[in-house]
Each structure stands twice: as structure tokens, then as C-alpha cells.
Amino acid sequence: MLAGWVSLAAIVGRGEWLSKYKFIFLIMIDVNQFIEINNNIRFGKATIKGTRITVVDILNWLSEEMKINDIITDFPQLNKEQILACLKYAASKNIYLQRS
């Protein structure tokens, strides 16, 4: 079931972790450095390079008020830059989040 659009501002607005300097950093991130689409991984969904974790997985966790540090604790192969790259990727695409 699709929940519809989740505003990027709604995701990043909670928690005060996105200061204006971090926002500038977000703009400067090269998404292609962190995100890939491979038809053989997760049915061609956008994933974080070297993992099977999709951009939508990250966005769902953030929309459920999971903090970046909590995601990194649960998935130590991830880093903050990869998670921010997911936000930038989502901001540039029409992405629906699936609610579980």
C-alpha cells in the first residue's frame, strides 16, 4: 500500500540535525558516488553501493522517526554521507514511500 508523498522537509525538519551548513553539504553530495541502480540487486531499485539497502528503505526509516545514528548503529556498513545522499536522491526523484 502506498502512503503517498512524504515531504523531504517533514523528514529532515524533525530532530534539528540539518543545520544550514549540513544542508549546504547535502547539496554538494554527489549522489552517483553513493547510489546505484543494478537490475540484479533488489529488482533494479536504487540502492546504496555495496549493499542491498534501498533508498526507499532509508527514507522509510527516517519517516518513522529513526535517527541517522540509529540507522548507522543497526547497519554499520552505512555512514552519514550515504544516508544524506539518499535524501538528495529522493529530492530529485518522484519517490513514494511504502508504509509497512
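Just above sits the structure.
The shown structure was predicted, so the numbers you read here are calculated from the model rather than taken from an experiment.

Criteria and cut-off values
- Residues numbered from 1 in each chain as written.
- Predicted model: local features only at pLDDT ≥ 70, side-chain atom pairs only at ≥ 80, totals over all residues.
- Heavy atoms only, no water.
- Helix = DSSP H or I, 4+ residues; strand = E, 2+ residues; numbered from the N terminus.
- Phe/Tyr/Trp six-rings, centres within 6.5 Å; stacked < 30°, edge-to-face > 60°.
- Polar contact = N/O pair within 3.5 Å; in protein donor to acceptor, adjacent residues only side chain to side chain.
- Contact = heavy atoms within 4.5 Å.
- Core = buried A, V, L, I, M, F, W, Y, C linked by side-chain atoms within 4.5 Å.
- Buried < 20%, exposed > 50% of the residue type's maximum accessible area, 1.4 Å probe, protein only.
- Salt bridge = Lys/Arg side-chain N within 4 Å of Asp/Glu carboxyl O.

**Student:** Mind showing me how you'd approach unusual backbone geometry here?
**Tutor:** Within the chain, Phe 43 stands out as a residue other than glycine whose phi angle is a positive 60°. Here Phe 43 shows up in the loop between strand S1 (35-37) and strand S2 (46-48).

**Student:** So what exactly am I meant to see when it comes to the packing of aromatic side chains here?
**Tutor:** The geometry of an aromatic ring pair is captured by two quantities: the separation of the ring centres and the angle between the planes. In this structure the tally under the stated criterion is one aromatic pair. Aromatic pair Trp 61 and Phe 75: ring centres 4.8 Å apart, planes at 15°, arrangement stacked. Placement of the pair is Trp 61 in helix H4 (residues 55-63) and Phe 75 in the loop between helix H5 (68-74) and helix H6 (80-92), with a sequence separation of 14 residues.

**Student:** In this structure, what is going on with the side chain of Gln 82? I would like to understand it.
**Tutor:** By the element assignment, Gln 82 lies in helix H6. From its side chain, Gln 82 meets the backbone nitrogen of Asn 79 in a polar contact 2.7 Å long. Excluding its chain neighbours within four sequence positions, the residues that come into contact with Gln 82 are Phe 34, Ile 48, Lys 49 and Gln 77.

**Student:** Hey, could you run me through the nonpolar core in this one?
**Tutor:** For soluble globular proteins, the rule of thumb is that nonpolar side chains tend to be buried together. Ranked by size, the top nonpolar core spans 22 residues in total, and within it Ile 35, Ile 48, Val 55, Ile 58, Leu 62 and Ile 71 carry the most contacts. Sorting elements by how many residues they give to this core places H6 first, with seven residues.

**Student:** Would you take a moment to explain the pattern of salt bridges for this structure?
**Tutor:** If the charged atoms of two oppositely charged side chains come close together, the side chains can form a pair. Per the counting criterion, the structure on display carries one salt bridge. A salt bridge links Arg 42 to Asp 57; its shortest N-O distance comes to 3.1 Å. Of this pair, Arg 42 sits in the loop between S1 and S2 while Asp 57 sits in helix H4, and the two are 15 residues apart along the sequence.

**Student:** What is the right way to look at H4 in this model?
**Tutor:** Spacing of three or four residues puts side chains on the same side of an α-helix, whose turn is 3.6 residues. Of all nine residues that make up H4, eight are buried, and the element is covered over most of its length. When we look at burial in H4, the residues that qualify are Val 55, Asp 57, Ile 58, Leu 59, Asn 60, Trp 61, Leu 62 and Ser 63. Two residues or fewer past H4, Glu 65 is found with a positive phi of approximately 65°.

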